[in-house]
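Listed below are the residues making up each chain.
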Amino acid sequence: AASIAGLPMVAPAPLRDSGQWAIGTSLGLYFTPAVIAVLAGLLPALALGVVWSLLMGYGFYRLLWWRHGDEPGVNRGTAFFAASIGGASEMALLAERHDGRVDRVAAAHSLRIVLVVVAIPFVLQALGVRGADPALPAMTEVRPGGLALLVVLTLAGAALMRRLGLPTPWVVGPLVVGILVTAFELQLSALPRVITNFGQLFIGVALGVRFTPGFARAAPRWLVTVAVGTLAMMAASAGFGGLLALWLGLHPATLILATAPGGIAEMSITAKVLQLGVPVVTAFQLVRYLAVLLLTAPLFRLEQARLGRSAGRA
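The present account deals with the structure reproduced in this document. Being a predicted model, the structure only gives us computed values, none of them experimental.

Quick notes on the rules
Residues numbered from 1 in each chain as written. Predicted model: local features only at pLDDT ≥ 70, side-chain atom pairs only at ≥ 80, totals over all residues. Heavy atoms only, no water. 1 Å grid on protein atoms, 1.4 Å probe; cavity = no way out; pocket = protein on both sides within 12 Å on 5 of 7 lines; lining within 4 Å. Points joined across faces, edges and corners; volume = space filled by probe spheres on them. Helix = DSSP H or I, 4+ residues; strand = E, 2+ residues; numbered from the N terminus. Nonpolar A, V, L, I, M, F, W, Y, C, P; charged D, E, K, R; others polar. Core = buried A, V, L, I, M, F, W, Y, C linked by side-chain atoms within 4.5 Å. Buried < 20%, exposed > 50% of the residue type's maximum accessible area, 1.4 Å probe, protein only. Salt bridge = Lys/Arg side-chain N within 4 Å of Asp/Glu carboxyl O.

**Things to note about the layout of surface pockets**
Then comes step 1: Counted as a void, the largest pocket has a volume near 960 Å³.
Then comes step 2: If you go around the largest pocket, you meet 37 residues; those closest to its centre are Gln 20, Ser 89, Glu 90, Thr 168 and Arg 210.
Then comes step 3: Within the residue set of the lining of the largest pocket, elements represented by two or more residues are helix H1 (13-28), helix H5 (88-97), helix H6 (102-126), helix H8 (169-183), helix H9 (193-208), helix H13 (264-274) and helix H14 (278-313).
Then comes step 4: Element by element, the count of residues in the lining of the largest pocket is highest for H5, at six residues.
Then comes step 5: Looking at side-chain class alone, the lining of the largest pocket contains 19 nonpolar, nine polar and nine charged residues.

Here's what the structure looks like:
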């Protein structure tokens, strides 16, 4: 709100990165050997979740192209990468490589994430499902020596991911290290609640400052279509998550969060706060994120080839 009002709001990169680090580390501490054994049995469902996300993204792309394909500057790349359910920065970069409108792609992803983050937690809270599927981290005690070692290890994981050029290194690196530490039952330390609270705060600020005064004026029709498409995807994902819950025997709220068109950090934070199957939600969101990141560009090339063949037959 302050940013849209024109106040000079900024989210310094170190604060955003530290927030992502805190969330990635805290989530990794849920992956005990018993949890990993449960997740191993969910591999078919994880794969199905990826397919569902790709199909939703394709349907959203067709909606955007149908509504805005005749507008100046909106090409197939703009619509395709704006609709993919991936990270905003990564999809904007792919759009740039394919001559898409980066500003519209970034705006679409920012609005989608904010709508999901605002709507889903409030709906679940209103339905009284808080604590319906609790999961506990492996450690609940804060041990100063172990905490210091955990910080060093997770920061090293983030640095490694960044050096390798992998996306979202400050979430994925600490998450992977936290999973390994917990899976091998290294009882180092819990993460103090104040750290995860500040992590949520910094991520919220980083999302909020994307909405500049010119955000809504830049392409209002585009944003209206994005909002309608996002609400439709949320409703469809809720139905899909409910069906998965019946199949897997898990709580529907957990699978609704797991398949929601949000981001890893945002949906996993929601699961953590509402005590709704944190490891399951994190696993679904992480697998989906990596699959979309790896497959979106090849799928766009397939779409271009399909359109080329159609034009040739015409």
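Let us keep going from here.
**Considering unusual backbone geometry**
Then comes step 1: The phi dihedral of Asp 99 falls on the positive side, at around 60°, and the residue is not glycine.
Then comes step 2: One can find Asp 99 in the loop between H5 and H6.

**A closer look at the nonpolar core**
Then comes step 1: Ranked by size, the top nonpolar core spans 42 residues in total, and within it Phe 31, Leu 39, Ile 120, Leu 124, Leu 257, Leu 276 and Phe 284 carry the most contacts.
Then comes step 2: Sort the elements by how many residues they give to this core and H14 lands first, with seven residues.
Then comes step 3: Counting residues in each nonpolar core, the second largest holds 28 residues, with Met 56, Tyr 61, Val 74 and Leu 94 among its members.

**What about the pattern of salt bridges?**
Then comes step 1: A full pass over the atoms with the stated rule returns five salt bridges.
Then comes step 2: As a salt-bridge pair, Glu 141 and Arg 143 come within 3.5 Å of each other at their nearest N and O atoms.
Then comes step 3: The exposure class assigned to Arg 143 is partly exposed, which follows from its relative accessible area of 32%.
Then comes step 4: Here the residues in one salt-bridge network are Glu 71, Arg 104 and Arg 221, joined through shared partners.

As far as function goes, none of this settles anything; it's purely spatial.
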